[in-house]
Amino acid sequence: MEPTSAFILAGGKSIRMGRDKAFLELAGKPLITRSLDLARTVARDPRIVGDPEKFAPFGPVVPDVFPDRGPLGGIHAALTASNTDWNLILGVDLPFLKSEFLKYLVAEAQSSGAVVTVPSTNQYFEPLCAVYRSEFRASAEAALSAGNNKIDALFSAVSLRVITAEDLASAGFTPAIFRNLNTPEDWAGANQEFASK
């Protein structure tokens, strides 16, 4: 496997949650710490994309180049800071992901050579659990410079490897690994699941 960088996007507003999701704890561990631990299974020195003042105690932080532009701004910042061709991007609020899946995702990305390797479940892409090659930075920068923040809209212009539901099933995974935490109810349910493990 070629060297891969990993970046945790932690700059979201967490409006529906009512507090910063990155610092919510599951089984006594903040989501930001969980995400970094998971990312280390495929990349040596994962970095956080977000506010350096908030996240510096947890690890190296990359600030946005285009502030307050959502996940596409975070992906752009990650690719700008990266020194590898292959870049795993993870949202901070995906506690059900498994290291086995990340290894599978990176392997699929590198074997396909696609600019973006992204899972798709129920007709929706999972762009915050995907591998982006460094050249995607140019597409992201052009979109952000033009005032466009949508990630999926850029996929039609690059080579894409879509991990389908069938691919997931044949590799032994389910779409449930992509469940994210958006509301206090999501968090309470996840706490119950982690407590029962």
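One can find the structure itself at the top, above this paragraph.
Keep in mind that what you see is a predicted model, and the values were worked out from it rather than measured.

**Student:** Looking at this structure, I do not really get the pattern of salt bridges. What am I missing?
**Tutor:** Pairs may arise between side chains of opposite charge once their charged atoms sit close together. As enumerated under the stated definition, the model contains nine salt bridges in all. Ionic pairing is found between D37 and R40, a salt bridge with its closest N-O pair at 2.9 Å. Connected through salt bridges with shared partners, the residues K29, D37 and R40 form a single ionic network.

**Student:** What should I look at first to understand the packing of aromatic side chains in this one?
**Tutor:** How two aromatic rings sit relative to each other is set out by the distance from centre to centre and by the angle between their planes. Under the counting rule described, the total for this entry stands at ten aromatic pairs. On the basis of an interplanar angle of 45 degrees and a centroid distance of 6.0 Å, the ring pair of F101 and Y104 is categorised as tilted. Here F101 and its partner Y104 are both found in helix α4 (residues 99-112), three residues apart, which amounts to about one turn of the helix. The two residues F101 and Y104 agree in class, both being buried. Ring centres of Y104 and F173 lie 5.8 Å apart, and the angle between their planes is 45 degrees; this geometry places the pair in the tilted category. One end of the pair, Y104, is in helix α4; the other, F173, is in the loop between α6 (165-170) and α7 (184-195), and 69 residues separate them in sequence. Exposure remark for Y104: the relative accessible area of 16% places this residue in the buried category. In this structure an aromatic cluster arises from ring pairing among F101, Y104, F173 and F178.

**Student:** What should I look at first to understand helix α5 (residues 136-145) in this one?
**Tutor:** Note on helix geometry: an α-helix contains 3.6 residues per turn, so any two residues three or four positions apart are oriented the same way. For α5, the complete set of buried residues consists of F136, A140, A143 and L144. For α5, the angular spread of buried residues about the axis comes to 95 degrees, placing them on one side. Of the residues in α5, the exposed ones pointing more than 90 degrees away from the buried face are A138 and S145. The secondary structure elements touched by the buried residues of α5 are α3 (70-81), β7 (116-121) and β9 (129-133). A positive phi of about 85 degrees marks G147, the residue just after α5.

**Student:** Got a minute to help me understand the environment of V106 in this structure?
**Tutor:** Structurally, V106 can be placed in helix α4. Classification of V106 by relative accessible area gives buried; the value is 1%. Sequence-wise, V106 and P71 are 35 residues apart; in three dimensions their C-alpha atoms are separated by 20 Å.

**Student:** I would appreciate a short explanation of the side chain of S35 in the present structure.
**Tutor:** Considering the arrangement of structural elements, one finds S35 in helix α1 (residues 31-39). Setting aside anything within four residues of it in sequence, one finds S35 in contact with I8, G91 and V92.

**Student:** In this structure, what is going on with the layout of surface pockets? I would like to understand it.
**Tutor:** In this approach, a probe sized like a water molecule rolls over the atoms, and the result shows the empty space that is left. Looking at the second largest pocket, its volume works out to about 160 Å³. Along the walls of the second largest pocket sit K29, L31, R34, S35, D37, L38, V92, D93, L94, P95, L97 and F194, which together make up its complete lining. No other element matches α1, which puts five residues into the lining of the second largest pocket. Its residues assigned to classes, the lining of the second largest pocket comprises seven nonpolar, one polar and four charged.

About the thresholds
- Going along each chain's sequence as written, the residues are numbered from 1 onward.
- Note on the predicted model: pLDDT of at least 70 is required for a residue's local features to be given, and 80 or more for side-chain atom pairs to be given and counted; whole-chain, interface and lining totals, by contrast, use all residues.
- Each side-chain value is worked out from all heavy atoms of the structure, with water and hydrogens disregarded.
- Put simply, a salt bridge is a Lys or Arg side-chain nitrogen that is within 4 Å of an Asp or Glu carboxyl oxygen.
- Whether two aromatic rings pair depends on their centres lying within 6.5 Å, for rings of Phe, Tyr and Trp, where Trp uses its six-membered ring; planes under 30 degrees apart make the pair stacked, over 60 edge-to-face, and the rest tilted.
- Helix numbers and strand numbers start at the N terminus; a helix is a DSSP run of H or I with at least 4 residues, a strand a run of E with at least 2.
- Any residue under 20% of the maximum accessible area for its type is buried, any over 50% is exposed, and the rest in between are partly exposed; the area is computed with a 1.4 Å probe on protein chains only.
- Each C-beta atom gives one direction from the helix axis, and the arc is the one those directions make.
- Whether two residues are in contact is decided by their heavy atoms, any of which lying within 4.5 Å being enough.
- Here the term cavity refers to a set of points on a 1 Å grid, laid over the protein atoms alone, in which a 1.4 Å probe fits but cannot get out; the term pocket refers to an open set having protein on both sides within 12 Å along at least five of seven lines, with lining residues being those that place an atom within 4 Å of a point.
- Grid points are joined across faces, edges and corners, and a volume is the space filled by probe spheres set on the points.
- Each residue gets one label: Ala, Val, Leu, Ile, Met, Phe, Trp, Tyr, Cys and Pro are nonpolar, Asp, Glu, Lys and Arg are charged, and the others, such as Gly, are polar.

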